[in-house]
Amino acid sequence: MKKTITYSDQQKEVINYSGSQLLIRGIAGSGKTLILLKKARDVAEKNPNETVAVFSYGNPLSDSAKRQLESYNLPNLTVKTFHSWAMRTYCLVFRKRKIYMTNRQVISDAIKEVSTIYPKHRFITNKDLKGFIEEEISWIKGSDLCQREKYMKEPRKGRGGKVRVTPEDREVIFKIYEEYEKIRDYRLDYDDLGLQLSRNLDKIPDEQKFDHVFIDEAQDLTKVNLMVLCGIARKSRIVGADKGQKIFTTSFTWEDVGLNIKGRRTKILRNSYRSTKQIMELAYSIQEKDEISKDEEFTRPDLPTAEGQKPKVIFSKDIESQHQALSEAIRIIQREDPDAVIGILSRNREHMNNVQKLLNRERIDYKFIQSSAKKGDQEKLGSHHEPGVKLTTLHTAKGLEFKYVFITDVVDPPTYERLGDDFDWDIERRLLYVGMSRAMKQLYLFTYGDRHNLIDELGKPFYEKVMI
Ligand SMILES: Nc1ncnc2c1ncn2[C@@H]1O[C@H](COP(=O)(O)OP(=O)(O)OP(=O)(O)O)[C@@H](O)[C@H]1O
């Protein structure tokens, strides 16, 4: 059943805004995507001879946007992800027929090369820091800091504080980056697409540009990708973003990417229409602890008016009893609400695979929500629009919503992942906030053992504690 929408005054102001640049800042569930799609539709309907593109974050979200727009049948309106558009555009600009992608091994090979110069440095000897180096190289390319001088001077705002980085560390990282680029050679990584296109904006063919560009979840795009998207807009660029949900370590200012959002060009949405007051109270209790809540661009939320049950936090002794509690909770909900959409969100793939094994064992039907599937797994892909149990990660759940949300394994990451005291808890807080704010009606958090820093930070009056 299609729900009727009565737009709020704040939302109407965004819909009726007719300027050529606009930033829509809004909290989780405030209708940024809804309004962006409505606006894109209006522009496409009013101007049938002009092209309109909506850029969504990832395939699940872009499929959802396509679904919402398909009945309007507007041939001048398209929905894309940055990567799908950039792959095609890169081939056209650089006259390539096929794109060869690098693999993770290239980072290991680059580290090995640099080990002859810095044999004792922790980035060389500590294998657990490889993930950090991978993110750092992505940051260098995503922010176009590809010259040594630039990289050495760049403030790390937005990059996260996972590992303390001294000037000597930067020297080592930059050497690894240079080796990585040499070994990579003709192959590309995901950051190359935006980087090379941002340097060749004038070569992008006209048919790959649009009169009006709408960008959703912009807080997590890299600086170069945003520059490219703003650069291909002939007439207007409309951007939706929420710093409170920034879960990747990208950094840019709106000015950097060519967007003037001063004065009336920024509109703010503060009400969640997705979740109940009880869910958002709990979600805000963790967001308050995040440094980002002090940022001038952070959007302060208003509490929703819709009432519901208090979220439940299930404390188990170990992972097995968590799984038992999880399968019991799924069965209870499926009995009471057979058409329910249940999202099971995990911190990483390993946790998701454990949940998958549990559901197979318990003969509970499920589908995955993910950007792509391995060959043969296609029929296991689902969407958050259809009833049933959906398995996904917190990262992929961004922008999506489920009537019931179960977040599993809310425990401290293992020490090797935490890198001692340098661990960036703010990103973990934000991920949990993103996960919690996906829930429309009921929210369950599952934890076990005695190491659950984030659970300890939650406001105690805002959840029901269940001990197993
Ligand atoms: N005025 C409204 N009346 C009823 N429902 C609304 C209204 N505005 C938004 N919604 C609903 O609220 C939910 C959240 O909207 P949407 O996904 O657009 O929010 P968002 O700001 O993009 O969220 P997020 O940043 O968390 O992805 C959707 O189900 C949407 O249909």
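Residues numbered from 1 in each chain as written. Predicted model: local features only at pLDDT ≥ 70, side-chain atom pairs only at ≥ 80, totals over all residues. Heavy atoms only, no water.

Observations concerning the pattern of salt bridges
Oppositely charged side chains may form a pair once their charged atoms are brought near each other. Heads up, the rule is: Salt-bridge detection follows one rule: a side-chain nitrogen of Lys or Arg within 4 Å of a carboxyl oxygen of Asp or Glu. A run of DSSP states H or I qualifies as a helix once it reaches four residues; a run of E qualifies as a strand once it reaches two. Both are numbered from the N-terminal end. Here the term buried applies to any residue with accessible area under 20% of the maximum for its type, exposed to any over 50%, and partly exposed to those in between, with areas from a 1.4 Å probe on protein chains only.
Summed over the entire model, instances satisfying the criterion amount to 34 salt bridges. Here R234 makes a salt bridge to D211, at a shortest N to O gap of 3.0 Å. Of the two residues, R234 is situated in strand 5 (residues 233-241) and D211 in strand 4 (residues 210-215); the sequence distance between them amounts to 23 residues. The exposure class assigned to R234 is partly exposed, which follows from its relative accessible area of 38%. Among the residues examined, D211 registers a relative accessible area of 10% and is labelled buried. E255 is the salt-bridge partner of K262, the closest N and O atoms lying 3.7 Å from each other. With a relative accessible area of 58%, K262 lands in the exposed category. Looking at E255, the relative accessible area reads 61%, which means it is exposed. Ionic contacts of the salt-bridge type, sharing partners, join the residues K141, E181, R184, D189 and D192 into one network.

Some remarks on the site of the ligand
Test applied: Near, as used in this document, describes a residue that has one of its heavy atoms within 4 Å of the molecule or strand being considered. Distance and chemistry together define a polar contact, namely a pair of N or O atoms within 3.5 Å, with one atom able to donate a hydrogen and the other to accept it when in protein, and with adjacent residues in sequence counting only for side-chain atoms on both sides. Only the protein chains shown count as cover for residues, and the accessible areas themselves come from Shrake-Rupley with a 1.4 Å probe. The residue classification treats Ala, Val, Leu, Ile, Met, Phe, Trp, Tyr, Cys and Pro as nonpolar and Asp, Glu, Lys and Arg as charged. All others, Gly included, are polar. Residue ranges for the domains originate in an automatic or database domain assignment.
Looking at the ligand, there are 20 residues lining it, with K32, L34, R274, E401 and R438 nearest. Between an oxygen atom of the ligand and a side-chain N or O atom of E401, the distance comes to 2.6 Å. Take R438: an N or O atom from its side chain is 2.8 Å from an oxygen atom of the ligand. The fraction of the free accessible surface of the ligand (640 Å²) that becomes covered by protein chains is 91%. For the shell around the ligand, the element with the highest residue contribution is helix 2 (residues 32-46), accounting for three residues. Residue classes in the shell around the ligand are distributed as six nonpolar, eight polar and six charged. Each of domain 1 (9-92 + 192-269) and domain 3 (277-467) gives at least three residues to the shell around the ligand.

Focus: the environment of K32
Worth spelling out the cut-off: Two residues qualify as a contact provided that any one of their heavy atoms is within 4.5 Å of a heavy atom in the partner residue.
Relative to the elements of secondary structure, K32 occurs in helix 2. Through-space distance from the C-alpha of K32 to that of V14 is 9.6 Å; in sequence the pair is 18 residues apart. The contacts of K32, once residues within four sequence positions are left out, are I24, R25, G26, I27, A241, D242, Q245 and L269. A polar contact of 2.9 Å, which involves the side chain of K32, links it to the backbone oxygen of G26.

Let's talk about the UniProt feature "binding site: ATP" (unreviewed entry) in the protein chain
We count it as follows: UniProt positions are given in the numbering used here, feature names are shortened, and annotations may be inferred rather than shown by experiment.
The feature "binding site: ATP" (unreviewed entry), as given by UniProt, occupies G26, I27, A28, G29, S30, G31, K32 and T33 in the numbering adopted here. Mapped onto the elements of the fold, I27 is located in the loop between strand 1 (21-26) and helix 2. Judged by its relative accessible area of 2%, I27 falls in the buried class. If near-sequence neighbours (up to four positions away) are discounted, I27 is found in contact with K32, D242, Q245, L269, R270, N271, S272, Y284, T299, R300, P301 and Y433. Counting through the fold element by element, S30 comes out in the loop between strand 1 and helix 2. Every residue in contact with S30, bar those within four places of it in the chain, is listed here: Q11, L269, N271, S272 and Y273.

Brief notes about the packing of helix 5 (residues 105-114) against helix 7 (residues 130-142)
For the record, the criterion: Here the axes come from fitting lines to C-alpha atoms, over the contacting stretch only for helices, and the angles between their N-to-C directions go from 0 to 180 degrees. Note on angle classes: values under 35 degrees are labelled roughly parallel, values over 145 roughly antiparallel, values of 65 to 115 roughly perpendicular, and the remainder oblique.
In contact at an axis separation of 11 Å, helix 5 and helix 7 are set at 100 degrees when each is read in the N-to-C sense. The angle between the axes of helix 5 and helix 7 places the two elements in the roughly perpendicular class. Contacts from I107, S108 and I111 of helix 5 reach helix 7 at K130, I133, E134 and I137. When grouped by side-chain class, the residues that make up the contact of helix 5 with helix 7 number four nonpolar, one polar and two charged.

Quick look at the sheet that holds strand 3 (residues 77-81)
The criterion, for reference: A pair of strands is labelled paired if DSSP reports no fewer than 2 bridges between them.
Strand order in the open sheet formed by six strands is 3-2-4-5-1-6, and the pairing between neighbours is parallel. The sheet is open, and its two borders are formed by strand 3 and strand 6 (266-269), each paired with just one other strand. Strand-to-strand twist in this sheet, taken as the mean axis angle between neighbours without regard to direction, amounts to 20 degrees. In the packing of helix 2 onto the sheet, contacts are made with strand 1, strand 2 (52-56), strand 3, strand 4, strand 5 and strand 6, and the angle to strand 4 comes to roughly 170 degrees.

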